[in-house]
Protein chains: 2
Amino acid sequence: MSAAATLPTLETQETPALLLDVTRLDRNIARLRAHLSTLGPRLRPHLKTAKCLEVARRVMDGPEGPITVSTLKEAEQFAAGGVRDILYAAGIAPGKLDRVTALRRRGVNLSIVVDSVQAAEAVVRHARETADRLPTLIEIDSDGHRAGIRRTHAALMVEIGRILHEGSAELRGVMTHAGESYHCQGDEAIMAMAEQERAEAVGCADLLRAAGLPAPVVSIGSTPTAQLSQRLEGVTEVRAGVFMFFDLFMAGLGVCTTDDIAVSVLATVTGSNAEKGWLIVDAGWMAMSSDRNTRGQAVDQFFGLVCDIDGTPYPDLVMIKANQEHGVIAARPGSAAVPPDLPIGAKLRILPNHACATSSQHDRYNVVKANTRQIDAVWPRFNFW
Amino acid sequence: MSAAATLPTLETQETPALLLDVTRLDRNIARLRAHLSTLGPRLRPHLKTAKCLEVARRVMDGPEGPITVSTLKEAEQFAAGGVRDILYAAGIAPGKLDRVTALRRRGVNLSIVVDSVQAAEAVVRHARETADRLPTLIEIDSDGHRAGIRRTHAALMVEIGRILHEGSAELRGVMTHAGESYHCQGDEAIMAMAEQERAEAVGCADLLRAAGLPAPVVSIGSTPTAQLSQRLEGVTEVRAGVFMFFDLFMAGLGVCTTDDIAVSVLATVTGSNAEKGWLIVDAGWMAMSSDRNTRGQAVDQFFGLVCDIDGTPYPDLVMIKANQEHGVIAARPGSAAVPPDLPIGAKLRILPNHACATSSQHDRYNVVKANTRQIDAVWPRFNFW
């Protein structure tokens, strides 16, 4: 966006600020693309993590998509940027259908998701009233994680499919998200979950087809299962989002290393407490989010892992406490590590537990390349709904 | 702002959406004002929770303040709205001093905070270079919570005071925040903490005065200690912020009841799972925040306490899981409560664990009065830095 000449360096950038290492971003994207290219399905990247048109342009097949979004705000913003093939992957609330149709009338191939007779009936009613053949996927439950119809509820699935297909909507197929993969222990467990996600989705599509209903799309995905999938027969597309940025939770799961994490928060030292071994920085939970999802992992990263200004982690140095605009930096409990003796005004980078949550606390990415301190660009995010 | 006639009702409002019950807001403000008026000090409300000019106007002494802020963005936005007396209450990073002086040159009585020799020296250097007599408070540590100088480090405190006073800055006094009051058990413990906060701050001001230094301001405050303070001799002003909105954490602490909580998130039912006793709503951690601060309290509220559309809590109904845009609503584990049988499209209100964190996930307040469903106004928030 802005010319690099007018942009600050990491030394002069005001803090707290969200950094995006575009070298790591591009590497993460290339790695998943290479993996999927050996397996067949196309990538429909989930932009809920990035919420940013410039990131979308680096990850999409082409300028028109396809992509996945988590809000209609994202759909509208990406559509304004030229994206034309968008899946809104959260179960539709009937009150949002007018906004869906408004986007579709602007030429966007926007598809939606249902997992109940009631929602399917609302979609068909709206489709009839607006003469908009809303393309709809049935969400299936491949792992007991959240929403969706289980394969064992075949009659319900066919009923929903029939309502859509025989009504005024377009039954486009099935989708699922194996969110339970976030709780798998080890690569083998994730691979088994990936196969379960695939088999359940393909099995549900086959159930619809056996009932004479169309199911051209079989859409699956989560970052762990996408990274470790071994076969994807019958799957037409894979959705994943966190993989672009990665985070400490994914590193704890073994899906990436801390060297792959592309987002971090730049912070400034504002104080210290030698007796307690604390540094105080101007980034608290407002900059990091309150997400403590590594709490249950083998290595608890507290509110984030602390690196020097160039992104090299200090051993065992974490943000142990976070208030709104204050972070307390200290050695991980039990570690003999000693925090670095940094002056007031020194800069640190903090890696996040959860890239989606930390990024959502910011309205822009300050874009850097690996091994440089010059901010090259500022990319806006679309937050809210 | 907008005319009520063009604004939706709670039934037609798109979700997720942050609601602000202005009847409760005004009652909460009146209660703390009445309490403090019997004790003497003026209120310097902390606007870090609200980040909203319309809320500020309801809570300030007058249109020019005084107020407290947690970011320079807040200071700039409130200044643009006419506020003139602002304390930026987080330890200053030297790199932010240019932005401080820019605001002060626009006529804002903006004061800052230091708790080290290094920071004081940076302030004095900046003050000399810019000919801006930066009014500065020394942060003191009244409870071991975070930042500040302990009263036992009297020589250090006097040294910092002398650097400021004999340099080019204005030594304005001391400030402290008894953040540990959030972990007190019961009213008596909070009252004891309030007295400790008062005594430490006044004691530190007296140390400066005994050294011949000025300390006209003695600024203390946290919502629990402000609400339960019994005496405030020697204190000139009280800072508190959460008290305007309150939240489940403060209710768990006994500082308010759930009937006092003025902010909630309006959500729509998008699905259900009868076997699991789950309702799925379109508000997840993006709408609620990931803040789980009630986890350590006697009653764990998970990601929020669920109410009907009018704000009446269902017994033991909580958001037990939160993904980015999905919330799972169920009975609190161990409770025999049964979730209400609500159709897809039904609306719920969810009370937050932490008003600051939940509000920060939104860019506006949808303002309602108690016992009505008409949104009367939309008040913007200033997020980010």
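So, here's what we can say about the structure. (Residues numbered from 1 in each chain as written. Chains lettered and ligands numbered in written order. Predicted model: local features only at pLDDT ≥ 70, side-chain atom pairs only at ≥ 80, totals over all residues. Heavy atoms only, no water.)

### Quick notes on the packing of aromatic side chains
Here is step 1: Tallied over the entire structure, the rule returns 7 aromatic pairs over all chains.
Here is step 2: The ring of phenylalanine 303 of chain A carries arginine 292 of chain A above its face, with NZ or CZ at 5.5 Å from the centroid. (Phe/Tyr/Trp six-rings, centres within 6.5 Å; stacked < 30°, edge-to-face > 60°. Lys NZ or Arg CZ within 6 Å of the ring centre and 35° of its normal.)

### Remarks on the relation of the copies chain A and chain B
Between the two copies of this chain, the relationship is a rotation about some axis together with a displacement along it.
Here is step 1: Mapping chain A onto chain B leaves a residual RMSD of 0.0 Å; the transformation is a rotation of 180° accompanied by 0.0 Å of translation along its axis. Within this description, the copies of the chain are treated as partners about a two-fold rotation axis. Identified as the residue of chain A closest to the rotation axis by C-alpha distance is serine 290 of chain A, at 2.7 Å.
Here is step 2: Here 98% of the interface residues in chain A have copies in chain B that are interface residues too; the copies meet face to matching face. (Least-squares fit on C-alpha atoms with pLDDT ≥ 70 in both. Contact = heavy atoms within 4.5 Å.)

### Section: the sheet that holds strand β9 (residues 237-238) of chain A
All names here are of chain A.
Here is step 1: Spatial strand order, β2-β9-β8-β7-β6-β5-β4-β3: 8 strands in an open sheet with parallel pairing. Each of the sheet's edge strands pairs with one partner strand only, and the pair in question is β2 (42-43) and β3 (67-69).
Here is step 2: In this structure, strand β4 (residues 85-88) lies alongside strand β5 (residues 109-114), joined through 3 bridges in parallel fashion. Bridged to leucine 87 within β5 is serine 111.
Here is step 3: Those strands touched by helix α4 (residues 97-105) are β5 and β6 (135-139), and its axis lies near 155° from that of β5. (Pairing = 2+ DSSP bridges. Helix = DSSP H or I, 4+ residues; strand = E, 2+ residues; numbered from the N terminus. Axes fitted to C-alpha atoms, helices over the stretch in contact; angles between N-to-C directions.)

### Thoughts on the pairing of strand β13 (residues 313-322) of chain B
Residue and element names in this part refer to chain B.
Here is step 1: Sheet analysis places strand β12 (residues 305-307) next to β13, joined by 2 bridges and oriented antiparallel. Bridge pairing links leucine 305 to valine 318 in β13.
Here is step 2: Between β12 and the antiparallel strand that follows it, β13, lie 5 residues; glycine 311 among them carries a positive phi value of about 95°.
Here is step 3: Where β13 hands over to strand β14 (residues 327-331), the hairpin turn is made up of 4 residues, counted between the paired strands.

### Digging into the sheet that holds strand β9 (residues 237-238) of chain B
Residue and element names in this part refer to chain B.
Here is step 1: The strand order β2-β9-β8-β7-β6-β5-β4-β3 describes an open sheet built from 8 strands, whose pairing is parallel. At either margin of the open sheet sits one strand with a lone partner, and together these are β2 (42-43) and β3 (67-69).
Here is step 2: Bridge count for β2 against β9 is 2 bridges, and the pairing is parallel. Looking across to β9, one finds that arginine 42 is bridged to glutamate 237.
Here is step 3: In this fold helix α7 (residues 187-210) packs onto β6 (135-139), β7 (170-175) and β8 (217-220), with an angle of close to 155° to the strand it touches most, β8.

### What about the interface of chain A and chain B?
Here is step 1: Each partner contributes residues to the interface: chain A has 56 residues there, and chain B has 55 residues.
Here is step 2: Roughly 4,800 Å² of surface becomes buried between chain A and chain B when both sides are summed, with 53% attributable to carbon and sulfur atoms.
Here is step 3: Its largest share of buried area at the contact with chain B, chain A owes to Arg146, Phe384 and Trp385 of chain A, together 16% of the area lost on that side.
Here is step 4: Summed over the shared surface of chain A and chain B, the number is 6 salt bridges.
Here is step 5: Taking the shortest distance from any N to any O, the salt bridge between arginine 99 of chain A and glutamate 14 of chain B comes out at 2.7 Å.
Here is step 6: Residues belonging to the side of chain A that touches chain B are distributed by class as follows: 18 nonpolar, 22 polar and 16 charged. (Buried area = accessible area lost by both parts, 1.4 Å probe. Salt bridge = Lys/Arg side-chain N within 4 Å of Asp/Glu carboxyl O. Nonpolar A, V, L, I, M, F, W, Y, C, P; charged D, E, K, R; others polar.)

### Side note on unusual backbone geometry
All names here are of chain A.
Here is step 1: Following threonine 15, the chain continues to proline 16 via a peptide bond in cis, the omega torsion being -5°.
Here is step 2: As for its position among the elements, proline 16 is in the segment before β1 (17-21).
Here is step 3: Note the cis peptide between glycine 65 and proline 66, where omega equals 0°.
Here is step 4: Relative to the helices and strands, proline 66 is located in the loop between α2 (53-59) and β3.
Here is step 5: The phi dihedral of lysine 51 falls on the positive side, at around 45°, and the residue is not glycine.
Here is step 6: Taking relative accessible area as the criterion, lysine 51 reaches 1% and is therefore assigned buried.
Here is step 7: A positive phi angle, near 65°, is found at asparagine 371, a position not held by glycine.
Here is step 8: Looking at the element boundaries, asparagine 371 is found in the loop between β16 (364-368) and β17 (377-380). (Buried < 20%, exposed > 50% of the residue type's maximum accessible area, 1.4 Å probe, protein only.)

### A closer look at the packing of helix α5 (residues 117-130) of chain B against helix α6 (residues 154-166) of chain B
Residues and elements named next belong to chain B.
Here is step 1: Taken N-terminus to C-terminus, the directions of α5 and α6 make an angle of 5°; their axes are 9 Å apart at the nearest point. Here α5 is positioned roughly parallel relative to α6, judged by the angle of their axes. Together, Val117, Ala120, Glu121, Val123 and Val124 of α5 and Leu156, Glu159, Ile160, Ile163 and Leu164 of α6 make up the contact between the two elements.
Here is step 2: Of the residues that constitute the contact of α5 with α6, the class distribution is 8 nonpolar, no polar and 2 charged. (Parallel < 35°, antiparallel > 145°, perpendicular 65-115°, else oblique.)

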